[in-house]
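Close look at the chain arrangement
Listed below, chain by chain, are the residues.
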Amino acid sequence: MVEMSGAKALIQALEREGVDVVFGMPGGANLPIYDELYSSSIRHILVRHEQSAAHMADGYARIKRKAGVCFATSGPGATNLVTGIATAYMDSSPIVAVTGQVPKAMIGKDAFQECDIVGICASITKYCFQPMSAGEVPEVVKKAFYIAESGRPGPVLIDVPKDVQQESADMVFPEIVKIRGYSPHIEPDVAQVASAIDLLLNAERPIIMAGGGVHISGAFAELQALAEMLMIPVVTTFKGKGVFPENHPLSLGPIGMHGHAEANKLVTEADVLLAVGSRFSDRSVGRFDEFGRDMKIIHIDIDPAEIGKNKQADIGIVGDVKVSLRIMLKMLANKVIRKGEGEWESNQWLKHVREVKEYYRSMIKDHAREVTAMKAIKKLRELLPADAIVTTEVGQCQMWTSLHFDVITPGTFFSSTGLGTMGFGFPASIGAKVARPDLPVVDIAGDGSFNMTENSLAVSVLENIPVIVFLLNNYSLGMVAQWQRLFYNRRMIGVDLKGMPDFVKVAEAYGAQGIRAESMDELDKAIRTALRSDVTTVIDIPIDPEENVFPFMPPGKGLKDTIIAA
Amino acid sequence: MTWRIISALVENKPGVLFRVSNMFRARGFNIESLSVGPTEEQDLSRITITINSDDHTTEQLVKQLRKIIDVVDVIKLPLDNSVYRELALIKLKAEEPTTRLEIMNLVNVFRGKVVDISKRSIMVEITGTPDKIDAFKALVEHYGIIQLARTGVCALPRGVVYE
Ligand SMILES: Cc1ncc(C[n+]2csc(CCOP(=O)(O)OP(=O)(O)O)c2C)c(N)n1
Ligand SMILES: [Mg+2]
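Residues numbered from 1 in each chain as written. Chains lettered and ligands numbered in written order. Predicted model: local features only at pLDDT ≥ 70, side-chain atom pairs only at ≥ 80, totals over all residues. Heavy atoms only, no water.

Time to look at the domain arrangement of chain B. All names here are of chain B. Once the domains are mapped, chain B shows domain 1 (2–77) and domain 2 (83–155). A straight line from the C-alpha centre of domain 1 to that of domain 2 covers 28 Å. When the two sides are added together, the surface that domain 1 and domain 2 hide from each other amounts to roughly 540 Å², 67% of it contributed by carbon and sulfur. Viewed at the interface, domain 2 and domain 1 are joined by 0 salt bridges. In this structure, the connection of domain 1 to domain 2 is made through 2 residue pairs in polar contact (both at pLDDT 80 or more). Those elements that place two or more of their residues in the side of domain 1 that touches domain 2 are strand 1 (2–11), strand 2 (31–38) and strand 3 (44–53). Among the residues forming the side of domain 1 that touches domain 2, the class breakdown is 4 nonpolar, 4 polar and 1 charged. (Domains from an automatic or database assignment. Buried area = accessible area lost by both parts, 1.4 Å probe. Salt bridge = Lys/Arg side-chain N within 4 Å of Asp/Glu carboxyl O. Polar contact = N/O pair within 3.5 Å; in protein donor to acceptor, adjacent residues only side chain to side chain. Helix = DSSP H or I, 4+ residues; strand = E, 2+ residues; numbered from the N terminus. Nonpolar A, V, L, I, M, F, W, Y, C, P; charged D, E, K, R; others polar.)

Structural data, given as structure tokens:
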């Protein structure tokens, strides 16, 4: 036992968790914590807006696959975090957000910069702590990381009243914590796994739908082994994009609102669907009543509440995806089952899969312009190393990435898929770069989204965290414009961004590198320059403001209603 | 749609009831009644929830409840093998002595109690299943209900249950 202040205990507890970086901004209510950070080895990255701090912690977490940490002061600092926390919650990303709070005695008095952040965050966090005495701090931090990182991960808030930071107590730093109402289901029911195998082996037209859970549990190798062993084609959800190499012959790519046409078609034709680490979101499966009506569904997820939430499963397996797939592989190995490449010729379903895939891939048309989103993205893929990390903003830029950027190394792609937060990609790419400084990190951006958090350029330049902003600039809120063109009779309102600002100059104003690429040649050069640079580069790529993203499953419709092209 | 009782053991600390009720609101579950109180263990409270819903919704509600970290245990109570009670206080208009007598007779039949009498009103306490309280209420409604308060259902399974 050692006596120290709550603030010191907080920083020490973070150090014990192995935290090496914190993204944040100080203020009156968290100054004691910052004062302790001064003498800590933890790196502090000063953000220009707390929303970005949460996104950076989130991007860091998704690549590091351990919790990212962000700090904010009370009141406005805390509320600025909310969008970032909600984004992490929807995508099951572990972040630990530490906010300052007004002193205990002031809580409930509408004090200066008081805000009930615990109340606000109740439905967008896995848990919220508000330690009321300094002595609680070490255990609270330990529990926060345990909750954030285990089971189905998610954000945890620690709201620390200022006097709790200041007062001293005898501290005990627990090595392990137990929470009686919380015990993640890791091990699946083996009998259920066995019946799942039976179902898969007897299927005529099996398909795997891989979701974000595969990424979270890092079950890339297991998924690939299973698909190859049984020669089952793999679609992913958008959150699951890239958990299976998208250049693999069995890969059909993402399904959903802007899924690959072949994936949307084939997933509805399957007789047995193995859904791994997916929550059957409406964006992926369309109408719940329509999806999977004529198929048997096996659903593996670590969160029991996901089994049957949106879609009733014939076999529901609660367990960690990686652990469950390993058991499955072992059982299959015992049965000595291994299908080979010969299946492509002998198996009707695989033949059909290949034909459909080839057919739809040949249907993809590009526009006449020299530089289009599709061409630009394919060029980027061509020049990026296979293991480069790619994230996106939200809108058409995101959907074009989903359609045209093939993720080769599993786990190198992520995006705000659940909340769809514009402004996520750029700060998240900075967080990802902090997690993996050795890899190039690219944010495929839209002008509207980038505009929202572009002030993180200051962070990336001053903190020396170089990333590439690949800006598909259509001078508009393109995705909204697309809906107005398609569903609102071209009554265009609130979507025109008229070329403001000049992003090359914006980049330069922040001390970053700005390059405009108006031809494929210029783009080629710009990407190469960016990859060689040790400063953040914004590549501004003007594209057609009128271009729509296809395929497109209209909202409220099912996968079979996917519109292939205009 | 059937009437069901769900019993949850939760940590007895601030904010837990908020998390639970906030989850119902956020996920659109409609609760009929909810009661909270201490249990045999000092640091645990029991929340008893009644809902009118189908199997699927009930299953979802139970799972979402279990997911809340401060919720330690959740069970669906079998109606035919549980004891469940609710308490109601009903204040009725009773200006004539005959009315009072009538009401007191009804209260006796329902094994209730008269707990307060004034010149113009009578307050009765009825304990029992929600059905019984509904039935009593229906019988006395025409006298004029001035005020009514119900506790919500509180319930336990029959027999010995060891975890
Ligand atoms: C914070 C936020 N506000 C509003 C929206 C609604 N929205 C979805 S896409 C979009 C347009 C995005 O524009 P841009 O970043 O330029 O991408 P584009 O669609 O043009 O590629 C908007 C406004 C959103 N997703 N997030
Ligand atoms: Mg745009």
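The next subject is the packing of helix 16 (residues 373–383) of chain A against helix 17 (residues 396–404) of chain A. Residue and element names in this part refer to chain A. Running from N to C, helix 16 and helix 17 cross one another at 55°; their axes reach a closest spacing of 10 Å. The orientation of helix 16 relative to helix 17 falls into the category oblique. Between helix 16 and helix 17 lies a crossing of right-handed hand. Residues A373, M374, I377 and K378 of helix 16 form the contact with helix 17, whose own contacting residues are W400, T401 and H404. Tallied by class, residues from the contact of helix 16 with helix 17 come to 4 nonpolar, 2 polar and 1 charged. (Axes fitted to C-alpha atoms, helices over the stretch in contact; angles between N-to-C directions. Parallel < 35°, antiparallel > 145°, perpendicular 65-115°, else oblique. Left-handed = near helix turned anticlockwise from the far one by under 90°. Contact = heavy atoms within 4.5 Å.)

Before going further, it helps to spend a moment on the coordination of the magnesium ion (ligand 2). All names here are of chain A. For the magnesium ion (ligand 2), the full set of protein donor atoms is D447 (OD), N474 (OD1) and S476 (O), and the range of their distances to it is 2.0 to 2.1 Å. Mapped onto the sequence, the residues coordinating the magnesium ion (ligand 2) show the spacing D-x26-N-x1-S. You can see D447 sitting in helix 19 (residues 447–453) and its partner N474 sitting in the loop between strand 17 (468–473) and helix 21 (478–487), a full 27 residues away along the chain. (Donors = N, O, S within 2.8 Å, 3.2 Å for Na, K, Ca; no water.)

Looking now at the packing of aromatic side chains. All names here are of chain A. Applying the stated criterion across every chain yields a total of 15 aromatic pairs over all chains. On the numbers, 6.0 Å between centres and 85° between planes, the contact of F414 with F424 is edge-to-face. One end of the pair, F414, is in the loop between helix 17 and helix 18 (425–435); the other, F424, is in the loop between helix 17 and helix 18, with 10 residues separating them in the sequence. With respect to burial, F414 and F424 carry one shared label: buried. One Lys or Arg, K241, reaches over the ring of F413 and ends 5.8 Å from the middle of that ring. (Phe/Tyr/Trp six-rings, centres within 6.5 Å; stacked < 30°, edge-to-face > 60°. Buried < 20%, exposed > 50% of the residue type's maximum accessible area, 1.4 Å probe, protein only. Lys NZ or Arg CZ within 6 Å of the ring centre and 35° of its normal.)

Turning to the packing of helix 1 (residues 6–16) of chain A against helix 2 (residues 31–38) of chain A, a few remarks are in order. Residues and elements named next belong to chain A. Contact geometry for helix 1 and helix 2: axes closest at 8 Å, N-to-C directions at 55°. Taken together, the axes of helix 1 and helix 2 are oblique relative to one another. The handedness of the crossing between helix 1 and helix 2 comes out as right-handed. On helix 2, the residues that touch A7, K8, L10 and I11 of helix 1 are P32, I33, E36 and L37.

A contiguous nonpolar surface patch, about 290 Å² in accessible area, is contributed by L486, F487 and Y488 of chain A. With respect to the secondary-structure elements, F487 of chain A resides in helix 21. (Patch = residues over 30% accessible without salt bridge, like charges linked within 9 Å, V, L, I, M, F, W, Y side chains within 5 Å. Areas by Shrake-Rupley, 256 points an atom, 1.4 Å probe, with all protein chains shown as cover.)

Before going further, it helps to spend a moment on the side chain of D70 of chain B. Among the structural elements, D70 of chain B can be located in the loop between helix 2 (55–67) and strand 4 (71–77). The residues touching D70 of chain B, leaving out its near neighbours within four places in the chain, are Y127 of chain A together with L9, V10, E11, K13 and V16 of chain B.

Its place among the elements puts T529 of chain A in helix 23 (residues 520–532). Residues T529 of chain A and Q513 of chain A lie 16 residues apart in sequence; the distance between their C-alpha atoms is 9.8 Å.

This brings us to unusual backbone geometry. Residue and element names in this part refer to chain A. Looking along the chain, the bond that leaves M500 and enters P501 is cis, with omega of -10°. Mapping P501 onto the fold places it in the loop between helix 21 and helix 22 (503–509). The phi dihedral of R65 falls on the positive side, at around 55°, and the residue is not glycine. In the Ramachandran plot, K498 falls in the positive-phi region, its phi being about 35° despite a non-glycine side chain.

Next up on the list: the environment of L201 of chain A. Residue and element names in this part refer to chain A. Tracing the chain through its elements places L201 in helix 8 (residues 190–201). Along the chain, L201 and V272 lie 71 residues apart, while their C-alpha atoms are 9.7 Å from each other. Residues contacting L201, with those up to four places away along its chain left out, are L230, L332, K335 and I337.

A general feature of soluble globular proteins is that nonpolar side chains tend to end up buried together. All names here are of chain A. Core analysis: the biggest nonpolar cluster contains 49 residues, and F23, L81, I85, F450 and V538 have the highest contact counts within it. Residue assignment places this core across two domains, with domain 1 (2–171) and domain 3 (373–546) each supplying three or more. Residues in contact with F450, not counting those within four places in the same chain, are E393, F426, A445, L457, V469, L471, F503 and V538. (Core = buried A, V, L, I, M, F, W, Y, C linked by side-chain atoms within 4.5 Å.)

Counting residues at the interface gives 22 residues for chain A, matched by 22 residues for chain B. Overall, the association of chain A and chain B removes approximately 1600 Å² of surface from exposure, summing both partners, and the carbon and sulfur fraction of that is 46%. There are 3 salt bridges connecting chain A and chain B. Taking the shortest distance from any N to any O, the salt bridge between K67 of chain B and D303 of chain A comes out at 2.6 Å. By residue class, the composition of the side of chain A that touches chain B is 11 nonpolar, 6 polar and 5 charged.

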